[in-house]
Amino acid sequence: MRKIISLLITAVLLISALLPGVFAEAMSYGDSVAKAETAAETLRVLGLMRGTGTDADGKTVYELNRPMTRSEAIAMLVRLVGGESAALSETRSTPFNDVESWAAPYVAYAYEKGYTKGVGEASFGGARLVTSSQYITFLLRVLGYTSEKDFKWDSPFSFSDLLGLTDGDYGSSSRFLRGDAALLSLAALSRSTKSGSSTLLGSLCESGAVSTDAAAAAGLSSLLGLKAMEAGEIYLKSRGALFTVKAFDASGKLLSSGTGFFADGGDIDSDYAGETLAVTSLGSLRNAASAEVTTFGGARYPVLGILAYGEAEDAAILRVGGSGFDRLSIRKGDAPAIGEGVFALGKDSAAAGAITYSGGLSNGVSYLRSSGGGGEAGAPLIDAYGKVAGVQSARADGLSLTAAALRRLTMTGFMRFSSERGYENAPEVPDFGAYFGFEPVKILVEDGETVFYYGEAAIRAVSPNAVQSYAALLVKWGFEYAGEREGRSFDYTVFKSASTAVTLGVELNAGVLYNTVRVTRNTERLF
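Note that this is a predicted model, so its numbers are computed, not measured.

### Here we look at the overall build of the protein chain
Across its full length, the protein chain holds 16 helices and 22 strands. Expressed as a percentage of its 527 residues, the buried residues of the protein chain come to 52%. Restricting to contacts in the protein chain with at least 6 residues of sequence separation, those with at least 24 account for 60%. Of the accessible surface of the protein chain, which amounts to about 22,600 Å², a share of 50% is contributed by carbon and sulfur atoms.

Here it is in C-alpha cells:
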C-alpha cells in the first residue's frame, strides 16, 4: 500500500506541516505523518472528508492520531462516497436500537447501501472503536465486493492485499486510527470498482459527487478514467463469473468437462441485452444429452440449452438455469493490438502475457495469440481493463477466438438438450417460456401438435410485448411468416420452417384467457 500511497501523494500538490513525533509512534501504519496529513487534506479538497475543527491559524484539524468509533467511521465513509447530502435529506430506517441520534442518518444510509450490517441482529455498536478489518470491509463493499462471495468480513486482509488496497501492513491485531482511515480512503479512490468500468474516484465524478475541477485541484485527474489492472486484481474481479461445465450422456455418464464464463447477453447480441448468457468451448458439450455448470464458489446450475455455436470457432453460447450470476463485459470493436497486455484466466490463476498475433484469419474465423498462456479451453482472455478480449481454445497452435468473432456466431435459436422439458417434438424451436422466464400453466400433446398454455395476465404483468418479441425472434432464427390461421374466438399468427410450424395465439379455455404456442412437425395439416 505504501507504494500506492506514495504515487498518490506525489500527484497531490499540497504541503502539510509535521505533527509531533509521538504521533508517528502512535500511527499503526508506520508511514510518515506528512503522508497521513496530506491524505486527509486531499480528501477535504475533494469534499469527501471533514476535520474535527480548526486551530488558532484557521487550519483544519483532523486528529489523525486517535482512534475513532464505528459511528464516526460510518460518517467518514458516507462522506467518502459522496452520500452525506442524501443521508441527511431523507429519513431511512434500520433494525438497530443503539444508534446515536447524530449518527442515525449516516448509519441508515450505509445500511441501505449494504456497506454495514451491524454487530448483531438489532445492534450497530456505534460506540465501539472501529477495527482495521471493519473499515477495510466497509471500503471493499463500497468498491462493489461482498463479504458473502468475495472475502471474509472478519479477515479481509489477504483479499485487500491482492486488490492493491493494502500491502500486508494490516492484520487483526493492528491498532486503527483516523490517520489509517484517511490513507485507506485515499487509496480506495485509485482502485477500480468491481465492475471494472472506472476507478472509485471516476465513478464519483460521473455521479456528480465530486467535481472534475476538485479532482484536478487535488492532482488526481489521472484517476478519472479507466485504470489498467494487475493480475491479482483481474483475477479477483473475474473469478466470480467463471465456471466449470460438465456434459453427460443420456444415462447420466460423464462425457467431458471444460471451463466457461458468464457474460452480459447484450455484449454478444442486442436481442439478449440484460440477460446473462454462458460462454464455453463447444468441445465441452459435444454429444451431450444434458449438462450442468458449477461456479468456482461451488453452486451448481443446469444448462437449459444452446443459443449459438460454431464448429470452426469451437465456441458455444448457453442459457443456464438460475439468476444473480456475476458476469464479465465483452470488449467492443476489433481484436486487441499486438503488444497489448492480457491475462489468461484459470480456476486459480491469472497468467499475465501480451498479444503476439491479432485478428488473423483461419478458416474464415478471426483469432489471436498471446504469450503467458496457462488458461483452459472456454476460459476468457481478459484485457488490462477487465473486459473479455478473447476466448481460449484447445487448438494445438495456441490460437484463441477474438471477442469480435464470438459476437459473429450465428444465434440459432434456443435448442434444449434432449433430457430437458420443453419442445420435445421440435427441439429447434426457440423456447418461449425459458426465454422470457415464464412457466407454462399446462402442456397438451394432441395429434402431432404440442400446445403450451401460458397465463395471459401473468405474462402481460411481466412482459406486455413478450408475444410480439417472440415473433420477431422466430423470424430472426429462420422461421418465415406464414399468415393468419382462423380460430373459433381469435386469429392465430403462424410461422414455419421446412419441417415445423409455430402458431402464436390467445385462447379462452374454461373461462381463462391464455397465450398459446402451438408447435407442429407436419406443417401441411395447417395449410
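Okay, back to it.
### Here we look at the nonpolar core
Ranked by internal contacts, the top residues of the largest apolar core, which has 95 residues, are L46, I74, Y135, L189, L201 and L406. In terms of residue count, helix α9 (residues 178-189) provides more of this core than any other element does, eight residues in total. In contact with Y135, not counting residues within four places along its chain, are M68, A73, M76, L77, V130, F176, A181, L184 and S185. By size, the runner-up hydrophobic cluster in this structure holds 16 residues, among which are F452, I459, A466 and V502.

### Some words on the sheet that holds strand β18 (residues 449-455)
Taken in spatial order, the six strands line up as β17-β18-β22-β21-β20-β19 in an open sheet, and their pairing is antiparallel. Both outer strands of the open sheet, β17 (442-446) and β19 (480-486), are each paired with one neighbouring strand and no more. Ignoring which end each strand starts from, the neighbouring axes of this sheet average 25 degrees apart. Examined bridge by bridge, strand β20 (residues 491-496) and strand β21 (residues 501-509) share four bridges and lie antiparallel to one another. When the sheet's bridge partners are listed, K496 is paired in β21 with A501.

### What to know about the environment of K496
Relative to the assigned elements, K496 resides in strand β20. Overall, the relative accessible area of 32% leaves K496 in the partly exposed class.

### Re unusual backbone geometry
We note that E63 has phi near 50 degrees; this positive angle belongs to a residue other than glycine. Mapping E63 onto the fold places it in the loop between β2 (60-61) and α4 (70-80). On the basis of relative accessible area, E63 is assigned to the partly exposed category, the value being 32%. Positive phi, normally seen in glycine, also occurs at D314, with a value near 50 degrees.

### Considering the pairing of β21
Counting buried positions along β21 yields seven of nine residues, so the element is predominantly enclosed. Taking the residues that link successive antiparallel strands as the turn, the β20-β21 hairpin has four residues. Here nine bridges tie β21 to strand β22 (residues 512-520), and the two strands are oriented antiparallel to one another. Opposite L508, over in β22, you have L513 as the bridge partner. In this antiparallel pair of consecutive strands, β21 and β22, the connection spans two residues, and A510 shows a positive phi of 55 degrees.

Thresholds, definitions, all that
- Residues numbered from 1 in each chain as written.
- Predicted model: local features only at pLDDT ≥ 70, side-chain atom pairs only at ≥ 80, totals over all residues.
- Heavy atoms only, no water.
- Helix = DSSP H or I, 4+ residues; strand = E, 2+ residues; numbered from the N terminus.
- Buried < 20%, exposed > 50% of the residue type's maximum accessible area, 1.4 Å probe, protein only.
- Contact = heavy atoms within 4.5 Å.
- Areas by Shrake-Rupley, 256 points an atom, 1.4 Å probe, with all protein chains shown as cover.
- Core = buried A, V, L, I, M, F, W, Y, C linked by side-chain atoms within 4.5 Å.
- Pairing = 2+ DSSP bridges.
- Axes fitted to C-alpha atoms, helices over the stretch in contact; angles between N-to-C directions.

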